[in-house]
Amino acid sequence: MAGQHVGGITITHPEREVFGEGGPTKGDVAAYYEAVASHMLPELRGRPLSLVRCPQGTTGQCFFQKHHSDKLGEHVKAVTLMEKDGGEAEYIYVDDVAGVLELVQMNTLEFHPWGARADKPDQPDRLIFDLDPATGVAWKDIVAAAREIRDRLAEVKLESFVRTSGGKGLHVVAPFRRGPSWDAVKAFCEGIADAMVADKPQRYIAQASKAKREGLIFIDWLRNTRGATSVTGWSLRARPGAPVAMPVRWDEIARLKGGGAFDLKKALKRAKSADADPWADIATLKQSLP
């Protein structure tokens, strides 16, 4: 079968079923990202990225990629960043839908940006709490955890935003003016997570221990470090059923059925609706990390 042209980019093997038999195809994935690009790009554009690439689809081996290579496409940009070991490497970022689609052509399903922009990678401007519940934790408890984080952030005059993870949980994200170091942001987020655990040890855990997590919600604050990434809003997840990480309104979360409430089809439908972008203010909000 010949390639399919989406947004000026040629997508080869558009008929390949990338989410298992009968699921969305590579062509569907490209068409999806073109359709939601105007909602997704504000959070994605100009930030170093990690990608989840699945050359055989989600039923095969998927892998993370953060380093740039020329074969990714002419609209996929490179930025030279310092590595942990002191060396330098070229990282990936995109500025437009053509870059996104070239990455889809290279079998990218998920997009995970940094909490800082490529021009100043050591000055974060986003913090994130990733609520990761153990099996069996009720959705209402996950909703309550997200609201508690929102309220604690509001106490220090930080407005926050919420999205489904496309998995089991929710992400709470707050923007702030560039300036604080990664260490400052990490310490601030750790402080909030530790305070929540101290108040409700029967409900929360703040350390990444699978063994101790039973029945608890892991408040993952570790994403707030240089080089760590978190899935962006509107990104598909490389999981059965093609779930999407979806930005939602605070008053919506209690009515959802879970962190995987939106799939590709529901996300496409939402992209056309009036309340498609509850995160519209995130880029213009002027607030500072305390």
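Everything discussed here concerns the structure shown above.
In this text the structure is predicted, and so the values were computed from the model without any measurement. (Residues numbered from 1 in each chain as written. Predicted model: local features only at pLDDT ≥ 70, side-chain atom pairs only at ≥ 80, totals over all residues. Heavy atoms only, no water.)

### Some thoughts on the overall build of the protein chain
Helices and strands together make up the secondary structure of the protein chain, namely five helices and 13 strands. Taken over C-alpha atoms, the radius of gyration comes to 19 Å for the protein chain, in line with the 19 Å a tight globule of 290 residues would show. When each of the 290 residues of the protein chain is scored for burial, the buried share is 55%. Intrachain contacts of the protein chain at a sequence separation of at least 6 include 68% that bridge at least 24 residues. Accessible surface for the protein chain amounts to roughly 13000 Å². Of this, 50% is attributable to carbon and sulfur atoms. (Helix = DSSP H or I, 4+ residues; strand = E, 2+ residues; numbered from the N terminus. Rg over C-alpha atoms; globule rule 2.2 N^0.38 Å. Buried < 20%, exposed > 50% of the residue type's maximum accessible area, 1.4 Å probe, protein only. Contact = heavy atoms within 4.5 Å. Areas by Shrake-Rupley, 256 points an atom, 1.4 Å probe, with all protein chains shown as cover.)

### Quick look at empty space enclosed by the protein
The final tally for this structure, using the stated rule, is two cavities of 30 Å³ or more. By volume, the largest cavity is sized at about 180 Å³. If you go around the largest cavity, you meet 18 residues; those closest to its centre are Pro 113, Trp 114, Gly 115, Arg 126 and Ser 230. Broken down by element, the residue count for the lining of the largest cavity peaks at three residues, all from strand β8 (residues 126–133). Of the residues assigned to the lining of the largest cavity, the class counts are eight nonpolar, five polar and five charged. Of the pockets and cavities examined, the second largest cavity occupies roughly 50 Å³. (1 Å grid on protein atoms, 1.4 Å probe; cavity = no way out; pocket = protein on both sides within 12 Å on 5 of 7 lines; lining within 4 Å. Points joined across faces, edges and corners; volume = space filled by probe spheres on them. Nonpolar A, V, L, I, M, F, W, Y, C, P; charged D, E, K, R; others polar.)

### Brief notes about the packing of helix α1 (residues 26–44) against helix α2 (residues 97–105)
Relative to each other, α1 and α2 sit at 140°, their axes nearing to 9 Å. With respect to α2, the element α1 is oriented oblique. α1 and α2 meet at a crossing whose hand is right-handed. Residues Lys 26, Val 29, Ala 30, Tyr 33, Glu 34, Ala 37, Met 40, Leu 41 and Leu 44 of α1 form the contact with α2, whose own contacting residues are Val 97, Val 100, Leu 101, Val 104 and Gln 105. Class assignment for the residues of the contact of α1 with α2 results in eleven nonpolar, one polar and two charged. (Axes fitted to C-alpha atoms, helices over the stretch in contact; angles between N-to-C directions. Parallel < 35°, antiparallel > 145°, perpendicular 65-115°, else oblique. Left-handed = near helix turned anticlockwise from the far one by under 90°.)

### Details of the nonpolar core
With 75 residues, the main nonpolar core has Tyr 33, Phe 111, Leu 127, Phe 129 and Leu 153 as its most contacted residues. Broken down by element, the residue count for this core peaks at nine residues, all from α1. If we skip the residues at most four places from it in the chain, Leu 153 touches Leu 127, Phe 129, Leu 158, Ser 160, Val 172, Ala 174, Phe 188 and Ile 192. One finds Val 79, Tyr 93, Ala 118 and Trp 182 within the second-largest nonpolar core, a separate group that totals nine residues. (Core = buried A, V, L, I, M, F, W, Y, C linked by side-chain atoms within 4.5 Å.)

### Notes on the state of the cysteines
Counted according to the given criterion, the structure contains one disulfide. With a sulfur-sulfur separation of 2.2 Å, Cys 54 is cross-linked through a disulfide to Cys 62. Handedness here is read from the sign of the S-S torsion; for Cys 54 and Cys 62, about 115°, the answer is right-handed. A relative accessible area of 2% places Cys 54 in the buried class. (Disulfide = S-S within 2.5 Å.)

### Description of α2
Most of α2 is tucked away: eight of the nine residues are buried. All buried positions along α2 are accounted for by Ala 98, Gly 99, Val 100, Leu 101, Glu 102, Leu 103, Val 104 and Gln 105. In this fold, the buried residues of α2 make contact with β1 (4–6), β2 (9–11), α1, β3 (49–53), β6 (88–93) and β7 (108–113). Two residues or fewer after α2 comes Asn 107, characterised by a positive phi angle close to 70°.

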